[in-house]
Amino acid sequence: MSFFLALLSALFAALSGGGGETPSGETITIPLERSGDSSPSGPLPAISGSNDPSRPLVVLDPGHGGRDPGATSPFGGRHEKDVTLAVARAIRDALAAGGRVRVALTRDDDRFIVLRDRYEIARRMGAGLFISIHADAAPSNDGARGATIYTLSEVASDRQAALLAQEQNEADRIGGAPLVEDAGVNRILIDLAQRNSMNVSAQFAALLRREASAYFPFRPDYHRFASLIVLKAPDVPSILFETGYLTNGTDVAYINSPEGQRQIALGMNSAIETHFARRTLATASR
Ligand SMILES: [Zn+2]
């Protein structure tokens, strides 16, 4: 009983203040501790775009890098890690030109970063949105094309999503990152924040499809769920964006072309600006 009361009062204390947002629109604070020794430190990436520190920050994460090349395209042999960096830079440039948000990249060169460090960069910088950029591959189905958005769920939406999570999460083994689980009250607070972030992430996924489908194609089942480590920042809404298929000739041509990258960036820019405009409105109307 006393443990239960202590737990309740800890939760209550944590929920009174400013910070995240519940589905009903109330504002809550969740003081999340990071698990000590596995937390990265060191320099944070440069910020482009607005100079106003009150503007929302978007952290773009070019998938793979360094000794982890990701998928390789049968059309031209380009590695996914190079494609994701080019696309992320194009999105960064579009967001910076728009001037409404601040934007940073987890990597702006060819380097390996473990999955947890990628989202910890977003957390340490106080990002309002984290977008991990990838490119799909379906070697046995070269007709598969279009973009897919993944958001976090412990239960995968389908077998392919489960396989993707298995493959992507393997990347950490290359870097030898320890998997640290948080325990006790902190775990419950993290779960609350995570649920809120998952809701906002899913809203952004729908918005991205709506805003960007004029610029580039999406798969019919464009929103999928998987337990992807890189999406596990408990307090930063996060998506993994599969730009298109490296195994489809049409997709590869537009993903690799400056014009295709510009279209992807325009669609992403439109969705991101609308997302934060909505959230500013929601806050102002309270
Ligand atoms: Zn990938």
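Residues numbered from 1 in each chain as written. Predicted model: local features only at pLDDT ≥ 70, side-chain atom pairs only at ≥ 80, totals over all residues. Heavy atoms only, no water.

Caption draft 1: Up close: helix H2 (residues 80-98). Here H2 contains 19 residues, and its C-alpha end-to-end distance of 27 Å stays within 8% of the 27 Å for a straight helix at 1.5 Å per residue. Looking one or two residues past H2, Gly99 carries a phi angle of roughly 75 degrees, positive in sign. (Helix = DSSP H or I, 4+ residues; strand = E, 2+ residues; numbered from the N terminus. Expected span 1.5 Å × (residues − 1).)

Caption draft 2: Quick peek at the pattern of salt bridges. Taken as a whole and judged by the stated rule, the model has 17 salt bridges. Note that Asp109 and Arg111 form a salt bridge whose closest N and O atoms lie 2.7 Å from each other. You can call Asp109 partly exposed: its relative accessible area is 31%. Given the relative accessible area of 44%, Arg111 is considered partly exposed. Arg219 is the partner of Asp221 in a salt bridge, and the nearest nitrogen-oxygen pair spans 3.1 Å. Using a relative accessible area of 32% as the deciding quantity, one classes Asp221 as partly exposed. By relative accessible area, Arg219 is classed as buried at 14%. Look at the salt bridges and you will find they share partners, linking Arg89, Arg92, Asp93 and Asp108 into a network. (Salt bridge = Lys/Arg side-chain N within 4 Å of Asp/Glu carboxyl O. Buried < 20%, exposed > 50% of the residue type's maximum accessible area, 1.4 Å probe, protein only.)

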